[in-house]
Amino acid sequence: MKKYNFNAGPSMLPREVVEATASAVLDYNGMGLSLMELSHRSAEFKPILDEARALLKELLDVPQGYEVLFIGGGASMHFCMVPFNFLNRKAAYLNTGTWASKAMKEAKLFGEVVEVASSADKKFSYIPKNFEVPADADYLHVTSNNTIYGTQLHSDLDSPVPMIADMSSDILSRPIDVSKYSCIYGGAQKNLAQSGLSFAIVKESALGKVERAIPSILDYGVHIANGSLFNTPPTLPIYTALCNMRWVKQQGGVVEMERRALQRAEILYSEIDRNPMFCATADGEDRSYMNIDFVMAPGYEILEEKFVEYAASRGVVAIKGHRSVGGFRASCYNAMPVEGVRLLAECMSDFAKR
Ligand SMILES: *Cc1c(COP(=O)(O)O)cnc(C)c1O
């Protein structure tokens, strides 16, 4: 039976990308050596890193003056690197959920943190609007997609100060205006590659403004000066990211990824809204196109586990919700074909009939 993997992360990748990675692990380019066995400074690896950097710039239309990094550490490391490198006195944070709160917690170690707005009052089921950003803040930090609570900023905000964004779970899912940001970062394991890798797109002129000393390994400038080779980066995940970005380009780029995301979201949310047995947890206009959260409608709660089992019996796997929301979460990243979402919607409809 064909399986559709709705895991939130590490998550589904296009089959071609998994196969290209598997093949490179066994024998890279007919060299008789595994890609895992090659030096990160070798003549074979350099073109991989160069092309990966260039492709991310091309796909996201990154303007001049920005550099792309592929380093270890995950998004959580950037929660600390961002204030280390950009927070001089004061930073503004938009609190839209677990990851935003964690980012804010780290920033407080470095200076004044202003929480410009929070949706904690309604279990992070919406994105706050019309909040004020202090004009003297060094940056405004946002989480573009809230992987756990299933809400998303569907366009780049207007901010009086440069923005910094955690785009772990919606990078490459839509076009973005990179010029509005000093830094965009994330973990690779949602929409780019397997785990172990993080990415950052950094505006070079925004660096060098803090007064503190920065340890080399946490200094964006040091990583830029060394072309992501300050220390050994996760070489195999960088190769997977490259294969995935080639796939995105071949499919029609981020414009096409956005069209598909909208199509998947439309199918799933309309079934959730139509079916009396289920309801969505996030507010209409702020609903994520990437992580679609829903629960059993009141009165049907005891059927929750039964539905997870039923969906799995038809090939729809890993839809159990995050422990802080409960219910279900269907993560629909770039690799999720529309057929997977149609099948899940069909499972919901057939389950209600039964
Ligand atoms: C998964 C996730 C993180 C955490 O990523 P790590 O790579 O595990 O540190 C941070 N932010 C968002 C939005 C995420 O989805």
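This write-up is about the structure you can find in this document. Predicted model only: the values in this text are computed from it and were never measured. (Residues numbered from 1 in each chain as written. Predicted model: local features only at pLDDT ≥ 70, side-chain atom pairs only at ≥ 80, totals over all residues. Heavy atoms only, no water.)

**A word on the nonpolar core**
Leu 35, Leu 60, Phe 70, Leu 172, Ile 184, Ile 201 and Met 245 are the most contacted members of the largest nonpolar core, which totals 55 residues. For this core, the element with the highest residue contribution is helix α6 (residues 235-251), accounting for nine residues. Beyond its immediate sequence surroundings of up to four residues, Met 245 is in contact with Ala 52, Leu 55, Leu 56, Leu 59, Phe 70, Leu 172 and Leu 192. (Core = buried A, V, L, I, M, F, W, Y, C linked by side-chain atoms within 4.5 Å. Buried < 20%, exposed > 50% of the residue type's maximum accessible area, 1.4 Å probe, protein only. Helix = DSSP H or I, 4+ residues; strand = E, 2+ residues; numbered from the N terminus. Contact = heavy atoms within 4.5 Å.)

**A few points about the environment of Gly 208**
In this fold, Gly 208 is placed in the loop between β10 (198-203) and α5 (220-225). Given the relative accessible area of 73%, Gly 208 is considered exposed. As for Gly 208 and Gly 221, which are separated by 13 residues in sequence, their C-alpha atoms are 7.9 Å apart.

**Regarding the state of the cysteines**
Summed over the entire model, instances satisfying the criterion amount to zero disulfides. As a non-bridged cysteine, Cys 347 has Cys 332 as the owner of its nearest cysteine sulfur, 13 Å distant. (Disulfide = S-S within 2.5 Å.)

**A look at the pattern of salt bridges**
This model, assessed by the stated rule, comprises 19 salt bridges. The residue Glu 19 makes a salt bridge to Arg 15 at a minimum N-O spacing of 3.3 Å. You can see Glu 19 and its partner Arg 15 sitting in helix α1 (residues 15-26), four residues apart, about one turn around the helix. A salt bridge links Glu 271 to Arg 274, with the nearest nitrogen and oxygen atoms 2.6 Å apart. (Salt bridge = Lys/Arg side-chain N within 4 Å of Asp/Glu carboxyl O.)

**Overview of the site of the ligand**
In the vicinity of the ligand there are 13 residues, among which Ser 76, Thr 147, Asp 166, Gln 189 and Lys 190 approach most closely. With respect to the ligand, the side chain of Asp 166 contributes an N or O atom lying 2.6 Å from a nitrogen atom. Gln 189 is positioned such that a nitrogen or oxygen atom in its side chain is 2.9 Å from an oxygen atom of the ligand. In isolation the ligand exposes 390 Å². Once the protein is present, 87% of that is buried. Ranked by residues supplied to the shell around the ligand, first place goes to helix α3 (residues 74-86) with four residues. Partitioning the shell around the ligand into residue classes produces three nonpolar, eight polar and two charged. (Near = heavy atom within 4 Å. Polar contact = N/O pair within 3.5 Å; in protein donor to acceptor, adjacent residues only side chain to side chain. Areas by Shrake-Rupley, 256 points an atom, 1.4 Å probe, with all protein chains shown as cover. Nonpolar A, V, L, I, M, F, W, Y, C, P; charged D, E, K, R; others polar.)

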